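In case you want the letters, here they are:
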Amino acid sequence: MTTFRKLPSTLLAIGCLLTTINNSSENSISATASFSPLSLRIVGGHDAPIDSVPYQVALYLKEEFYCSGVLLSQRTVLTAAQCIRGHEQTPHLFSIRYGSQVHSQGVRSVIIRLLPHPKFTPRQIEYDLAILHLAHPVIVSRHTFPAVLAEKSPLVGSSVQISGWGTVQPKGAFPRTLQVASTLKVVPIKDCRAKWGRLFDLSGSGIFCAESATQSACHWDSGGPVMQEERLVGVISFGAKRCLEQGTPNGYVDVSTHRHWIMEHLLE
């Protein structure tokens, strides 16, 4: 399984979004939290102008693209905790780039504080969230604008939109431009637990899953936004090792269940 980034030793990080589990009985599954950066790129998506997703940012570690993130205010970014695991005390190693469809051409902003959710562990994937504080406010424009947090969870059967710069297929190259996919539909939590319950504790309400016959998150997409009706409903977390795999939905952290914690650490 893959966590579009990297989890424990039993999981091989596929990228910010997926962590892979090399297991003879389930070698097709990848979990999002292997805690090394191997994130996913959107599979089956299409090029998106940055002003259609102005809250999208790219997270860099030591000048290399590592994960995605979501702008919540001029000085606050939300991402996946797996993306900063092991580096919590070294925020100077990270930066973001924003305001461009091509992430390497975006404006660079330095990070001064990393705040992973205190309950996050590779098993407790529903807490796969981290807050990043920026040294200076981003410049708001039509290309750069904070996302609005959803106040409720997406309904089963409803569509969600994901975006990112991760690979478009396993072991594939990175896309030059930002990709967006919008045909994923939320599945019942029982289906999510049936597929992923052996690897993660999904007994709480902090995760929802979604899938599509033609689209999926992929390696290096971890930490990116999941949107519905112009509201941020989730953060990309985990999925299948092969990214798009029928019957294996991607997992996303439900931000509405963590709204209080997020707002508590928001810098205006």
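Residues numbered from 1 in each chain as written. Predicted model: local features only at pLDDT ≥ 70, side-chain atom pairs only at ≥ 80, totals over all residues. Heavy atoms only, no water.

1. Thoughts on the state of the cysteines
Inclusion rule: The disulfide criterion used throughout: a pair of cysteine sulfur atoms within 2.5 Å. Only DSSP runs of H or I covering at least 4 residues are called helices, and only runs of E covering at least 2 are called strands; the numbering of each starts at the N terminus. We call a residue buried when its accessible area falls under 20% of the maximum for its residue type, exposed when it is over 50%, and partly exposed in between, using a 1.4 Å probe and counting protein chains only.
Taken as a whole and assessed by the stated rule, the structure comprises 3 disulfides. Shown here is the disulfide that connects Cys67 with Cys83, its sulfur atoms set 2.1 Å apart. Its S-S torsion of about -90° marks the bond between Cys67 and Cys83 as left-handed, since a negative value means left-handed. Within this pair, whereas Cys67 is found in strand S7 (residues 64–73), its partner Cys83 is found in the loop between strand S8 (76–79) and strand S9 (94–98), the two being separated by 16 residues in sequence. Just as Cys67 is buried, Cys83 falls in that class too. The disulfide bridge from Cys218 ends at Cys243, spanning 2.0 Å between sulfur atoms. Its S-S torsion of approximately 65° makes the covalent link between Cys218 and Cys243 right-handed. Taken together, the residues Cys218 in the loop between strand S14 (207–211) and strand S15 (225–228) and Cys243 in the loop between strand S16 (231–240) and strand S17 (250–254) connect sequence positions 25 residues apart.

2. Looking at the nonpolar core
Using the following cut-off: The criterion is simple. A nonpolar core is a set of buried Ala, Val, Leu, Ile, Met, Phe, Trp, Tyr and Cys residues joined through side-chain atoms within 4.5 Å. Here a residue-residue contact requires only that any non-hydrogen atoms of the pair lie within 4.5 Å.
Leu72, Leu78, Leu232 and Ile262 are the most contacted members of the largest nonpolar core, which has 59 residues in total. The element best represented in this core is S7, accounting for 6 residues. Apart from the residues within four sequence positions on either side, Leu72 is in contact with Leu78, Ile131, Pro146, Ala147, Leu149, Leu232, Ile262 and Leu266. With 13 residues, the next largest nonpolar core counts Ala181, Ala217, Val226 and Tyr252 among its residues.

3. Overview of the sheet that holds strand S10 (residues 107–116)
Hydrogen bonding along the main chain pairs the strands of a sheet, whether they run parallel or antiparallel. To be explicit about the condition: Any two strands between which DSSP finds at least two bridges are classified as paired. Helix axes are fitted only over the stretch in contact, all axes being lines through C-alpha atoms; the angle between N-to-C directions runs from 0 to 180 degrees.
The strand order S6-S7-S8-S11-S10-S9 describes a closed barrel built from 6 strands, whose pairing is antiparallel. Within the sheet, the average angular offset between the axes of one strand and its neighbour, ignoring direction, is 40°. Here strand S6 (residues 56–61) runs beside S9; their pairing, made up of 5 bridges, is antiparallel. For Leu61, the partnering residue across the bridge sits in S9 and is Phe94.

4. Re the side chain of Gln56
Spelled out, the test is: Contacts described as polar in this section are N or O atom pairs within 3.5 Å, which, within protein, must combine one atom able to donate a hydrogen with one able to accept it, while residues neighboring in sequence count only if both atoms come from side chains.
Note that Gln56 resides in strand S6. Its relative accessible area of 0% is what places Gln56 among the buried residues. In terms of polar contacts, Gln56 uses its side chain to reach the side chain of Ser68, at 3.1 Å. One polar contact links Gln56 to Ser163, side chain to side chain, over a distance of 2.5 Å. Excluding residues that lie within four positions of it along the chain, Gln56 makes contacts with Ile50, Ser68, Gly69, Ser163, Gly164, Trp165, Leu178 and Pro225.

Purely geometric stuff here, so don't read any function into it on its own.
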